[in-house]
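These are the residues of each chain, in order.
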Amino acid sequence: MWWYVAKRLLQTIPVFLGATLIIYALVFLRPGDPINGLIGNKPVSPEVREAIRDQYHLNDTFIVQWIYFLKDVVTFNPDFVGLDGQPVFEKIKNALPVTATLAVMALAMDAIIGIVVGTIAGLRRNGWFDSVTLVISLILLSIPIFVVGFVLQFLLGVKLGIFPPTVGGDWSISDLILPAFVLAIANIATTTRLTRTSVANNLSADHVRTARAKGLSNGLVIRNHVLRNSLVPVVTYIGINLGSLMAGAIITEGIFNVQGIGNLAFQAVNRGDAPVTVTVVAVMVMIYVFMSLIVDLLYAVLDPRIRYV
Amino acid sequence: MTQVLTTTRPLLEVKDLRVGFRTGKKTILTAVDGASLSIYPGQTIAIVGESGSGKSTLAHSVIDLLPGSGHVMGGQILFEGHEISHADRKAVLALRGSSIGLVPQDPMSNLNPLWKVGRQIKETLVANGVATGASADKRVVELLEEAGLPDAERRALQYPHEFSGGMRQRALIAMGLAARPKLLIADEPTSALDVTVQKQILDHLDTLTDTLGVAVMLITHDLGLAAERADHLVVMYRGKIVESGPALEILQDPRHPYTQRLVSKAPSIASQRLSSVQARAEVREQAVQTAAEIAEEVAHSDAQLGEGRNDIIVAENLTKVFTLRGAKPWEKVDFAAVDDVSFRLRRGTTTAIVGESGSGKSTVARMVLDLLPPTSGNVIFDGKNIRELRSKAEKLRLRRLMQPVFQNPYASLDPLYSIYQSIEEPLRTHDIGTKKERESKVRDLLDKVSLPTTVMSRYPGELSGGQRQRVAIARALALEPEVVICDEAVSALDVLVQAQILELLNDLQGELGLSYLFITHDLAVVRQIADDVLVMQNGKVVEASTVSEVFDNPREDYTRKLLDAIPGGSISLGA
Amino acid sequence: MSETRQGQERFVAPLDETPLRAIDAVDVDAVPESQWKEAWKRLRKSPLFWLASVIILVLAVMVAFPGLFTSADPTAAKLDNQFDPPSEGHPFGYNFQGADIWARTVYGARASVAVGVLATLFTVLLGMVSGAIAGFYGGVTDTLVSRVSDIFFSIPLLLACIVVISVINNVWDDRGFWGSVFVVVMALALFAWPQITRQMRGAVLEVKNLEFVDAATAIGASRLSNLRRHIVPNALSPVIVSATIMLGVFIVSESALSFLGLGLPQNIVSWGNDLSDAQTLVRSGQHLVVMWVPATALAITVLGFVLLGEAVREALDPKARKS
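> Can you explain the overall build of chain B? Please cite residues and give values.
When you go through chain B residue by residue, the secondary structure sums to 20 helices and 21 strands. With respect to the principal axes defined by its C-alpha atoms, chain B has extents near 80 × 55 × 50 Å. Taken over 575 residues, chain B has a buried fraction of 57%. Within chain B, counting contacts between residues at least 6 apart in sequence, those at least 24 apart form 70% of the total. Accessible surface, chain B: about 23200 Å² in total, of which carbon and sulfur atoms supply 48%. The distance from the centre of the 65 positive side-chain charges to the centre of the 73 negative ones in chain B is 6 Å.

In structure tokens, the structure reads:
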């Protein structure tokens, strides 16, 4: 198994390099002198300007700049600053916890609601619960997340006051319940559909019939032979989504004013702040890559047939 | 003398049972129509029929495990005198496992892949209140040993995927018998297994059920197997029981036309031997003659097309080594799927390659067809080494002269192509004829394989397995090949359809002077179609000889084992 | 002596009750039905499909002839009309700028649909070609394609689009309707294709080992003609389903980008822009109609494609296809 982990870790290197290179190149292509944003409208002597350019390696070729950037990222260099002069990792350290909490909460909601509802729908396929679930999940899939966000913010936050309508810099877990739910909605719909299909297919599997023939009660058959078998593909889907949830947080964070990674990325992009933008993307890519590794390993735990090769 | 005994009560009585499936809002498909049968304690009866005859449906209705919309529409099922066809859930639960056990058909899909085998058997013990906890664990090991699984203690802690097919079937037998039921329903328990394994397992099941006094309802498509294992036979056809009675009596004196058909066509039954050998000899004689004429003609008219040699295919020391990945990234394991195989196929005759799964027989076929390059060794087609063909024209010519018919009738035709398109494809690929000429050729070919031309516009999904194999044969014949390579071409088919296709192949051979390389796992089929035979095991040729030599005078143990394993081979009909 | 017990006497069914059929007889009267035709037959029975068709049809007419639905000019904005209530010919009244809400919604369909359709087209094209090549040729080609698609897949779609579009905004400022659509389409397609690639690759791997492909090779068909004639057509159904659903997802993505100010430029009439404009109003809980109308239009549109995808999935499901 360790060979498999090692191999997968090695495979992440080209993905990491490739992804950062693409984003770095895109941001690099942006015209204008990036340090204008840094010095603002103050008149600056050419010497100072030159010194700043040197400090940011802006006079080097593109590839050299990229390598400098990689060095800073890989070593978590605390002196690595964005174009506003603030240390990048300091910012990420401040923004990551709230986004991670948000994403994990969304993931938990996705898993719990999606699996429970999907299982019930799958066990009673074509019954009224299944039909209602189908309609609701298709509708949820169709409404843009920010519309749902605003509506829930307005209803539950402003009108009824159950949840705080905005989160702000000082956050607590209970503040994040509503944003996490909004973030999770589309995923819940998909997880429900997936679980439902998986459960329904498994119900007609040969080994389930054999289990019934053994004299097992219906409850036992479902618990031991339908549910776990059905969950294997669902777990994979849920796990792989942590990355996309964090990216989806850009919008949710905007609506609820959460000072997280999404906000950070959005501001950095608008400012043309290459160091921050690319670092945030790099962090997202790493989270995605590690989540898919964990999901693969989890898959092997759930399904003994999977061999690590 | 026949004498009716009334002393004991039947264990299971099925009376005038009707089972249907709902296919639409108002339409119902009757799968079992008025079936009646009785099983006495400790007795083995067999229900014989082809796919779709309703035999499995009948069995499943006994333990209330009908799939989907299946339901009992009428009649009675009495178990120990109690009506169970409309029993409540609790009563049915009490029956399952402890009174009626099931050994299902496909060992690959009937164990839950996520649980250890031992645990799945233990479940049965716990659910039926036989044993719990540590004593159940102990019992599981005993049961697995009883089912003939060596090293049971370790095996109980393994997962199904670590078991071979035969081992899984043993585990399923252990499971079916775990709670000591009075009746065991064995639904084609060995049809997915190799013949030698099949025999071992059935022998074991026989002894076991005899010792335990368990009655067995054996569901099978194989009349020979049924007659060998059961004392009472029930023959089903299109949902109805057409004939039933003592096994031997039915074999010797089949009265219903369907049973007569079955008895006369079943490849496994001994009486076939004489007639088939004789018929085969006639076919061969005719085919060799036709082939010689064709070869003569070819050799004189156009040297480009062939040399008309007597040995149309010669395989020399064919070897195929696959490299598999090991546990560590740098580890490679070499696996010789085919190891030094040589044979020759005489023009106008049939050479069969027989072996069990994993023997490498299909790999040989793929190498001969030039679909897979051999690691070493050569295939010489009519004097030319096929690996030395360089020009595109020569390669295409080889393709024309040698055509395959594959095993799986569901995968051998492109589902998106109409039958016409499928058969026309080879002609189009080789730019033969105008559109009109091609169409009349397709009609001819369909006629040759006895299919009406109305099927031309239809699609493979609408035809039966046998019909699809006919289409596959027509496609193979479109280019007027000299050799047809049949890779398990009849093994997925029902007995009667199989016999029909074999007859067709025999007729075509006589008519067109074809040479066949026939890959099969079924020795019974070999006797009907082949002249020479190669027995393969683990990639090597074990025995190579003429068919009559192999059947009458097998030299190798393995060959003998294969022959012994033919179900029904031991039955003498005395006719 | 053979003993026979009660209920096990020799029984032979009368032939007139159990007539014999010819072995493996062909049903001559059956109507030919290709897989696609069969799928279409199932599709026709699906209520989801008809609902989706109606939605998509109405949408198509709205895109082609917006004048049929409203006579107002979506770009005419008079501050005098700000938040005017509904009136004759203006069923939902006016927005903050004093433009007709309904007219803007009708004319906004064009941009959303253009982005959705074109982005799906490019994504599927890119994904199908790369996936088919990777699955069919295997080996180094496969590794290469798979690794490159891994890279693009690892960057979250929305984040990647934000970066791409913000960069292009600085380079190509005034790009008109089609230019703007093109930029959003390219940004979406550039980072969404790996999803189709993976699907296509898997399907091709499955189909390429089927016996009919070997049979075609044995006939003398070239590898490329096998890929084109047999493998790709048989690997298509999962991609069709994905593409339909993807269309809806792309329409939502465009509105999300517009919401962030990075979709289509402000001067283009689009649902995303209208929704983006509405957000400040929603926060105060007033004039909610400004949001409801485009949001409903958007949701119904996406629902149309999601429903279509669902119906097509069911129609193409191999389990439903009894053979």
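> If you had to explain the interface of chain C and chain B to someone new, which residues and values would you point to?
It is common to give the size of an interface as the accessible area that goes away when the parts come together. With 49 residues of chain C at the interface, the matching set in chain B holds 73 residues. Of the roughly 5300 Å² buried between chain C and chain B on both sides combined, carbon and sulfur atoms contribute 54%. At the surface where chain C touches chain B, the tally comes to 3 salt bridges. One salt bridge in this structure joins D214(C) and R366(B), with 2.5 Å as the shortest N-O distance. Our enumeration of links across chain C and chain B arrives at 26 residue pairs in polar contact (both at pLDDT 80 or more).

> An account of the packing of helix α9 (residues 236-259) of chain C against helix α10 (residues 271-284) of chain C is requested, with residue identities and associated values reported.
Residues and elements named next belong to chain C. At their nearest, the axes of α9 and α10 sit 8 Å apart, and the two run at 40° to each other. Taken together, the axes of α9 and α10 lie oblique to each other. The handedness of the crossing between α9 and α10 comes out as right-handed. Counted together, E254, S255, S258 and F259 of α9 and G272, N273, S276 and Q279 of α10 form the full contact between these two elements. Looking at the contact of α9 with α10 residue by residue, the classes come out as 1 nonpolar, 6 polar and 1 charged.

> Can you explain the domain arrangement of chain B? Please cite residues and give values.
Residue and element names in this part refer to chain B. Under the domain assignment, chain B is made up of domain 1 (2-265) and domain 2 (274-564). Between the C-alpha centres of domain 1 and domain 2 the distance comes to 37 Å. Each side of the interface is counted separately: domain 1 has 12 residues, and domain 2 has 11 residues. Buried surface at the junction of domain 1 and domain 2, summed over both partners, amounts to about 1100 Å²; 57% is from carbon and sulfur atoms.

> So, the sheet that holds strand β16 (residues 384-385) of chain B: which residues are in play, and what are the values?
Residue and element names in this part refer to chain B. In space, the 4 strands of this open sheet follow the order β13-β12-β15-β16, with antiparallel pairing throughout. Each edge of the open sheet carries a strand with a single partner, namely β13 (332-346) and β16. Across 11 bridges, strand β12 (residues 311-325) lies against β13 in antiparallel orientation. Of the residues in β13, the one forming a bridge with V321 is A336.

> So what's going on with the pairing of strand β5 (residues 71-79) of chain B? Residues and values would help.
Residue and element names in this part refer to chain B. In this structure, strand β2 (residues 12-22) lies alongside β5, joined through 7 bridges in antiparallel fashion. Paired with V14 across the strands is I77, a residue of β5. Strand direction decides the pairing type here: β5 and strand β6 (residues 82-83), joined by 2 bridges, are antiparallel. Bridging across to β6, L78 finds its partner in E83.

> Can you tell me about the packing of aromatic side chains, naming the residues and giving the values?
The tally for this structure, following the rule as stated, stands at 16 aromatic pairs over all chains. Centroid distance F136(C) to Y137(C): 5.1 Å. Interplanar angle 80°. Geometry classified as edge-to-face. Put simply, the rings of Y24(A), F62(A), F69(A), F76(A), F80(A) and F89(A) pair up and form one aromatic cluster. A cation over a ring is seen here: R228(A) above W115(B), with NZ or CZ 4.7 Å from the ring centre. Sitting over the face of the ring of F153(C), R198(C) holds its NZ or CZ atom 4.1 Å from the ring centroid.

> Give a description of a nonpolar patch on the surface that names residues and reports values.
Residues and elements named next belong to chain A. A cluster of nonpolar side chains, contributed by I112, I113, V116, I120 and F181, occupies part of the molecular surface with about 390 Å² of accessible area. With 4 residues, helix α5 (residues 88-123) is the largest single contributor of residues to the nonpolar patch. With respect to the helices and strands, the residue F181 is situated in helix α8 (residues 177-203).

> Kindly report on α5(A), identifying the contributing residues and their values.
For α5(A), built from 36 residues, the straight-helix expectation of 52 Å at 1.5 Å per residue is met to within 8% by its first-to-last C-alpha distance of 50 Å. The principal kink in α5(A), of about 35°, is found at L96(A), preceding the proline P97(A) by one to four residues.

> Tell me about the sheet that holds strand β2 (residues 11-12) of chain C, and name the residues and values.
Pairing is mixed in the open sheet, where 7 strands are placed in the order β7(B)-β8(B)-β9(B)-β4(B)-β10(B)-β11(B)-β2(C). Where the open sheet ends on each side, the last strands, each with one partner, are β7 (100-103) of chain B together with β2 of chain C. Inspection of the sheet shows β7(B) paired to strand β8 (residues 183-187) of chain B by 4 bridges, in the parallel sense. Bridge pairing in β8(B) links L102(B) to I185(B).

> Let's hear about the pattern of salt bridges: which residues, and what values?
Residue and element names in this part refer to chain B. Using the criterion set out here, one finds 41 salt bridges over all chains in the structure. The shortest N-O distance in the salt bridge between K122 and D137 comes to 3.4 Å. With K122 in helix α3 (residues 117-127) and D137 in helix α4 (residues 133-146), this residue pair connects regions lying 15 residues apart in the sequence. Residue D137 is classed as partly exposed on the basis of its relative accessible area of 40%. Among the salt bridges present, the one from R229 reaches D206, with a minimum N-O distance of 3.1 Å. Taken together, the residues span a long stretch of sequence, with R229 in helix α8 (residues 223-229) and D206 in helix α7 (residues 195-212) at a distance of 23 residues. When salt bridges that share partners are traced, they join K199, D203, D206, E228 and R229 into one network.

The rules behind these values
- Residues numbered from 1 in each chain as written.
- Chains lettered and ligands numbered in written order.
- Predicted model: local features only at pLDDT ≥ 70, side-chain atom pairs only at ≥ 80, totals over all residues.
- Heavy atoms only, no water.
- Helix = DSSP H or I, 4+ residues; strand = E, 2+ residues; numbered from the N terminus.
- Buried < 20%, exposed > 50% of the residue type's maximum accessible area, 1.4 Å probe, protein only.
- Contact = heavy atoms within 4.5 Å.
- Areas by Shrake-Rupley, 256 points an atom, 1.4 Å probe, with all protein chains shown as cover.
- Lys, Arg positive; Asp, Glu negative; His and termini not counted.
- Charge placed at Lys NZ, Arg CZ, Asp CG, Glu CD.
- Buried area = accessible area lost by both parts, 1.4 Å probe.
- Salt bridge = Lys/Arg side-chain N within 4 Å of Asp/Glu carboxyl O.
- Polar contact = N/O pair within 3.5 Å; in protein donor to acceptor, adjacent residues only side chain to side chain.
- Axes fitted to C-alpha atoms, helices over the stretch in contact; angles between N-to-C directions.
- Parallel < 35°, antiparallel > 145°, perpendicular 65-115°, else oblique.
- Left-handed = near helix turned anticlockwise from the far one by under 90°.
- Nonpolar A, V, L, I, M, F, W, Y, C, P; charged D, E, K, R; others polar.
- Domains from an automatic or database assignment.
- Pairing = 2+ DSSP bridges.
- Phe/Tyr/Trp six-rings, centres within 6.5 Å; stacked < 30°, edge-to-face > 60°.
- Lys NZ or Arg CZ within 6 Å of the ring centre and 35° of its normal.
- Patch = residues over 30% accessible without salt bridge, like charges linked within 9 Å, V, L, I, M, F, W, Y side chains within 5 Å.
- Expected span 1.5 Å × (residues − 1).
- Bend = angle between axes of the 7 residues up to and from the residue.

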